[in-house]
Amino acid sequence: MSKCYTFLSLLLLVACSARATGIRGHVTDVKGESLPYATVYVDGTTLGVTTNATGDYELSLAPGSYKVICRYVGFKASVFAVTISAGQTITHSFVLEEESTQMMEVVVRASDEDPAYKIIREAIRRRKFHLDQVHSFQSRLYFKGVMRSRSLPDKFMGQEIKSADLGVDSTGKGVIYLTEEDAHYYSDGNKEKTVIHSVHESGDKNGLGFSQFPSVLTFYENNVRVLEGSSRGFISPIAENALAYYKYKLLATFEDGGYIIDKIEVTPKRAFEPCFTGTIYIAEREWNIHSLDMTLYKRSGMDMLDTLRVEQVFLPLKEDTWVIKSQVLSLAVKFFMFDVTGSGVAVYNEQKVNEPIPDSVFAGRVVSQYDKTANKQDSAIWEHRPVPLAADESRDFVAKDSISKVINSPEYIDSVRRKQNKFKPIVHLFRERTYNGHAYKTAYTFNPVVLGLKGENVVNYNSVEGLNIAPRMNMRFMTDTGKYVMADVIARYGFANEHFNAAGRVYRIAQDRAFLSRMWLYGVEGGKYVYQYNSANPVVPMFNSLRTLLVGKNDLKIYERWDAAAFVRRNYGTGFAWMVKASWQRRMPMSNSTSYTFDNSRGSSFTSNSPSELLTMATAWEQHDATLLKAVVWYKPGFTYTQFPDYKMANGSRWPTFMLSYQQGIPDIFGSKVQYSKWRFSVRDETSLKLLGKLKYNFAVGGFLDTQYVSFPDLMHINGMRGVGYAAPYLNSFQFAPYYQFSNKARLYGEAHVEHHLNGLVSNKIPLLRQARYYLLFGGNAFFINDHNYYAEAFAGIDNIGWKLVRIFRVDFVQSWDSMGGRNSGIRVGVNLRWLSTAQVSATDSEW
């Protein structure tokens with residue numbers, strides 16, 4: 001059946017083409033090899049198209065006489081004069097000759113500098129002019145994105161991969177993703193916006209493709225950011241300091257459209273520098289980029305991709321002004337058994353430079369906007385696409401439409417759900433496990449038995465409870481589109497102290513259908529459970545279990561608590577959000593109940609579950625009741641948005657996140673003893689330093705306004721660390737600080753965390769590090785109340801340790817100083833899992 005659909009589709013395509021007016025054909029070299037992504041355009045204009053991956057093109061033209069030019073990087077342009085009558089389609093194939101056969105003779109003596117250097121110096125001298133001359137840019141834009149598989153595994157992380165569902169053959173080869181889009185692009189130098197008129201996504205009739213396309217890469221910039229392939233960016237071959245990084249060789253000089261064009265080979269002077277390899281074409285007299293073909297490799301410092309190729313073609317719009325005609329980004333990546341290639345082809349037409357753009361285009365900070373019917377257009381609008389579909393792409397559109405009817409059917413979805421829900425004991429041991437109900441309207445998630453980095457395992461050990469079992473379950477019920485009722489249930493039993501605890505929470509999430517980033521969350525929680533004195537939970541239970549049993553160190557300090565609380569959170573989707581929580585607590589101290597370790601001689605080294613540092617700082621530590629009110633406000637300015645056909649969504653911002661929290665202990669309500677008020681204000685961000693790497697920081701200031709009755713959990717605690725391995729967020733913790741030695745109720749304190757990640761700078765000069773792509777970093781953490789109460793540490797380390805895309809380990813050498821005379825130094829091995837960050841209060845302000 002699919003073959004029949006393919007055949008009928010191709011017949012329809014041919015029939016539609018026959019009625020078109022214009023020119024179509026094929027582009028090859030003199031050997032008959034197809035030339036993919038060649039540019040075919042009308043002389044004297046920027047109207048044109050690009051050939052597809054197999055060298056086919058189709059250019060729609062009104063009746064009349066034209067000179068049609070075909071250009072391809074590295075080849076001499078070809079001109080075809082044609083007269084087209086109404087309803088006529090002319091077939092013409094271009095055969096291009098390599099420029100090397102047409103070059104003017106260049107003689108270079110061994111003692112002479114290559115002529116390319118003089119040309120590059122002229123291009124560098126004019127770089128700033130060409131960078132600044134375009135104040136605004138508008139263009140019609142056609143974009144096609146394709147991902148192809150060269151091989152796929154049968155299974156990945158226990159999940160079966162069905163080749164048929166992806167549209168690839170039995171060997172794992174084929175198109176796995178395909179989309180094409182028609183849009184308008186606007187830029188005024190500071191702001192940019194894409195208006196998408198139509199989307200055609202293979203296998204999804206409601207697909208939205210890419211809301212933002214890869215930007216036009218500007219090699220007139222000193223630092224070129226390519227698909228965020230590296231946080232450092234890459235050095236342009238005509239950057240101000242390019243001569244310190246590149247070698248140049250003049251390969252050819254030829255004439256094209258009245259311009260003398262120099263073809264120059266570009267190679268890095270040294271391996272493992274953030275540099276391109278390839279060919280750049282410079283137009284003499286104006287010394288602008290005519291076209292280029294540049295490639296980045298893993299050794300160039302790319303974080304994820306293996307190779308990334310950039311091809312650009314520019315056309316003269318008017319005197320001294322050239323505009324982008326086409327840009328092709330081609331990538332390749334191998335990960336485990338996956339071998340994937342991809343390409344993004346952008347063709348620009350109707351370009352306008354430095355013409356007024358209405359203010360309404362950039363209104364509302366919307367950077368991408370879909371027409372209401374963008375993904376509901378009739379297929380006839382794609383009959384004259386600027387880049388013809390390759391044969392496998394045409395087949396993919398037909399085949400995926402058939403496949404989507406199957407995989408989107410309720411019967412198939414339910415069969416997949418039942419298979420995913422199959423009980424797998426090994427999975428439960430090491431990671432969270434979710435079971436989905438009918439139509440995925442309900443979901444039940446359970447914590448892992450022995451490996452839980454985000455929370456607790458089911459099985460743990462500590463000096464207070466001994467061996468303890470702590471299962472937890474999250475339940476999600478979808479009541480309507482974007483509306484959910486969530487329920488969390490936790491239970492815990494300690495075999496040494498024979499205490500059973502259980503608690504629960506129910507809350508509702510109501511998402512705005514028209515603005516998905518805007519939501520309400522509100523709920524209640526209650527019960528009796530075990531908590532750390534520091535509500536940030538700096539001690540990871542899994543690591544504490546190991547340290548307690550192996551070396552007799554009981555870092556985890558806990559107490560029992562009855563709870564009753566109500567909370568509400570509002571996120572406006574604009575970077576502004578707030579949360580309020582009112583709670584009543586009954587706090588009950590606990591004591592060590594076991595001294596068992598694998599080496600019983602170590603049991604006597606257990607410290608008290610009530611740290612002496614806290615006993616001297618808190619008003620009292622006894623069973624008591626507490627009534628609390630907490631409020632938190634977040635603000636991250638500079639949000640931008642994408643307006644999809646049916647809803648709006650926030651894209652985030654490059655600005656810092658500001659957070660202000662206030663907590664009040666209210667006495668004499670429901671028997672409450674606590675009486676205090678504390679506040680904290682923080683600023684957190686990470687910013688690119690381009691070639692110098694990335695700077696991350698988290699600064700905070702806070703203190704107590706009232707300290708009449710402050711108990712252990714109410715004190716200000718810094719996030720200390722102990723042990724060799726840990727998984728806490730680096731930018732919110734101290735690597736060598738004791739957990740409770742610097743807990744306080746000071747009227748004012750300051751806290752700072754700064755890290756500079758070099759991301760390949762310096763390490764690309766060190767053989768072992770550069771080959772493994774391990775990166776250097778340095779920074780410091782500090783806490784300060786006064787000259788008699790402070791803690792500081794500095795560190796230098798190696799980050800990005802791992803293999804391929806799995807790079808989660810980090811090693812630091814740390815030196816610390818504090819006001820109590822402490823001087824510690826040593827090695828810290830850590831797990832840098834970004835999703836563990838607790839820099840902000842969780843959605844429910846929960847401690848479990």
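Draft legend 1. Broad picture of the overall build of the protein. Helix and strand counts for the protein come out as nine helices and 44 strands. With the principal axes as the frame, the protein shows a C-alpha extent of 95 × 70 × 55 Å. Intrachain contacts of the protein at a sequence separation of at least 6 include 63% that bridge at least 24 residues. Summing over all exposed atoms, the protein offers an accessible surface of approximately 38100 Å²; the carbon and sulfur share of this is 58%.

Draft legend 2. Up close: the environment of Trp803. Tracing the chain through its elements places Trp803 in strand β42 (residues 789-803). You can call Trp803 partly exposed: its relative accessible area is 48%. On a C-alpha basis, the gap between Trp803 and Phe336 in space is 9.9 Å, while along the polypeptide they are 467 residues apart.

Draft legend 3. Region of the structure containing the packing of aromatic side chains. Applying the stated criterion across every chain, the model contains 40 aromatic pairs. Centre to centre, the rings of Phe742 and Tyr791 are 5.5 Å apart; their planes meet at 55°, and the pair counts as tilted. One end of the pair, Phe742, is in the loop between β39 (694-709) and β40 (749-757); the other, Tyr791, is in strand β42, and 49 residues separate them in sequence. Each member of the pair, Phe742 as well as Tyr791, is classed as buried. Ring-pair connections join several aromatic residues into one group, and the members of that group are Tyr529, Tyr531, Tyr533, Tyr559, Trp621, Phe712 and Tyr740. Between Arg433 and the ring centre of Tyr435, over which it is positioned, the NZ or CZ distance is 4.8 Å. The ring of Tyr572 carries Arg570 above its face, with NZ or CZ at 4.9 Å from the centroid.

Draft legend 4. Structural context of the pairing of strand β24 (residues 433-436). Strand direction decides the pairing type here: β24 and strand β25 (residues 442-446), joined by four bridges, are antiparallel. Bridged to Tyr435 within β25 is Tyr444. Remark: five residues form the turn of the hairpin made by β24 and β25, two consecutive strands paired antiparallel; Ala439 in that turn has positive phi of roughly 60°.

Draft legend 5. Focus on the pattern of salt bridges. Summed over the entire model, instances satisfying the criterion amount to 37 salt bridges. Two residues, Arg513 and Asp480, come together in a salt bridge whose shortest N-O distance is 2.5 Å. Of this pair, Arg513 sits in the loop between β30 (499-512) and β31 (515-532) while Asp480 is found in strand β28 (residues 472-480), placing the two residues 33 residues apart along the sequence. The partly exposed category is assigned to Asp480, whose relative accessible area is 34%. Residue Glu755 pairs with Arg810 through a salt bridge whose shortest N-O separation is 3.1 Å. Note that Glu755 is positioned in strand β40 and Arg810 in strand β43 (residues 806-818), a separation of 55 residues in sequence. The network of salt bridges with shared partners includes Lys144, Arg148, Asp392 and Glu393.

Draft legend 6. Inspection of the sheet that holds strand β3 (residues 48-50) at higher detail. Strand order in the open sheet formed by four strands is β3-β2-β5-β6, with antiparallel pairing between adjacent strands. Pairing within the sheet leaves two strands with one partner each, and these edge strands are β3 and β6 (78-84). In this sheet, neighbouring strand axes are inclined to one another by 20° on average, regardless of whether the strands run parallel or antiparallel. By the bridge criterion, seven bridges tie strand β5 (residues 64-71) to β6 in an arrangement that is antiparallel. Residue pairing for β6: Val68 is matched across the bridge by Phe80.

Draft legend 7. Structural detail: the confidence of the model for the protein. Across the protein, the average pLDDT comes to 88, with 91% of residues at 70 or higher. Counted against residues more than four places away or in other chains, residues 1-19, with its pLDDT under 50, gives 14 contacts. Scored below 50 in pLDDT, residues 835-841 shows 22 contacts in the model against residues more than four places distant or in partner chains.

Draft legend 8. Focus on unusual backbone geometry. The backbone phi angle of Glu350 is positive, close to 55°, even though this residue is not glycine. By the element assignment, Glu350 lies in strand β22 (residues 338-353).

Draft legend 9. Layout of the side chain of Glu393. Following the sequence through the fold, Glu393 ends up in helix α4 (residues 391-407). Discounting residues that sit within four places of it in the chain, Glu393 has contacts with Lys144, Val146, Arg148, Leu178 and Pro388.

Draft legend 10. Examining the nonpolar core more closely. Counting residues in each nonpolar core, the largest one holds 64 residues, and the members touching the most others are Phe219, Val226, Tyr248, Ile264, Phe276, Ile280 and Ile289. Those residues in contact with Ile264 that sit more than four places away from it in its chain are Ala116, Ile119, Ile120, Tyr248, Lys249, Leu250, Gly278, Thr279, Ile280 and Ile282. Residues Val464, Phe704, Val710 and Leu777 belong to the second largest nonpolar core, which totals 41 residues.

Draft legend 11. Representation of the pairing of strand β34 (residues 624-635) in the model. In this sheet, β34 lies alongside strand β33 (residues 576-588) in antiparallel orientation, the contact comprising 12 bridges. Opposite Arg587, over in β34, you have His624 as the bridge partner. Relative to strand β37 (residues 657-666), β34 runs antiparallel, the two being bridged by nine bridges. By the bridge assignment, Trp634 is partnered in β37 with Met659.

Draft legend 12. Summary view of α4. With 17 residues, α4 should reach 24 Å at 1.5 Å per residue; the first-to-last C-alpha distance of 24 Å fits that figure. All of the buried residues along α4 are Glu393, Ser394, Asp396, Phe397, Val398, Lys400, Ile403 and Ser404.

Draft legend 13. Structural context of a nonpolar patch on the surface. Together, Ile426, Phe430, Val450, Leu451, Val459, Leu467 and Phe495 make up a nonpolar patch on the protein surface, roughly 600 Å² of accessible area in all. Within the element layout of this structure, Phe430 appears in helix α6 (residues 425-430). Using a relative accessible area of 43% as the deciding quantity, one classes Phe430 as partly exposed.

Draft legend 14. Looking closely at the side chain of Ser300. Residue position: Ser300 is located in the loop between β19 (288-297) and β20 (307-318). Within the structure, the side chain of Ser300 is placed 3.2 Å from the backbone oxygen of Cys275, a separation counted as a polar contact. Beyond its immediate sequence surroundings of up to four residues, Ser300 is in contact with Phe234, Glu273, Pro274 and Cys275.

Cut-off values and rules
- Residues numbered from 1 in each chain as written.
- Predicted model: local features only at pLDDT ≥ 70, side-chain atom pairs only at ≥ 80, totals over all residues.
- Heavy atoms only, no water.
- Helix = DSSP H or I, 4+ residues; strand = E, 2+ residues; numbered from the N terminus.
- Contact = heavy atoms within 4.5 Å.
- Areas by Shrake-Rupley, 256 points an atom, 1.4 Å probe, with all protein chains shown as cover.
- Buried < 20%, exposed > 50% of the residue type's maximum accessible area, 1.4 Å probe, protein only.
- Phe/Tyr/Trp six-rings, centres within 6.5 Å; stacked < 30°, edge-to-face > 60°.
- Lys NZ or Arg CZ within 6 Å of the ring centre and 35° of its normal.
- Pairing = 2+ DSSP bridges.
- Salt bridge = Lys/Arg side-chain N within 4 Å of Asp/Glu carboxyl O.
- Axes fitted to C-alpha atoms, helices over the stretch in contact; angles between N-to-C directions.
- pLDDT = per-residue confidence, 0-100.
- Core = buried A, V, L, I, M, F, W, Y, C linked by side-chain atoms within 4.5 Å.
- Expected span 1.5 Å × (residues − 1).
- Patch = residues over 30% accessible without salt bridge, like charges linked within 9 Å, V, L, I, M, F, W, Y side chains within 5 Å.
- Polar contact = N/O pair within 3.5 Å; in protein donor to acceptor, adjacent residues only side chain to side chain.

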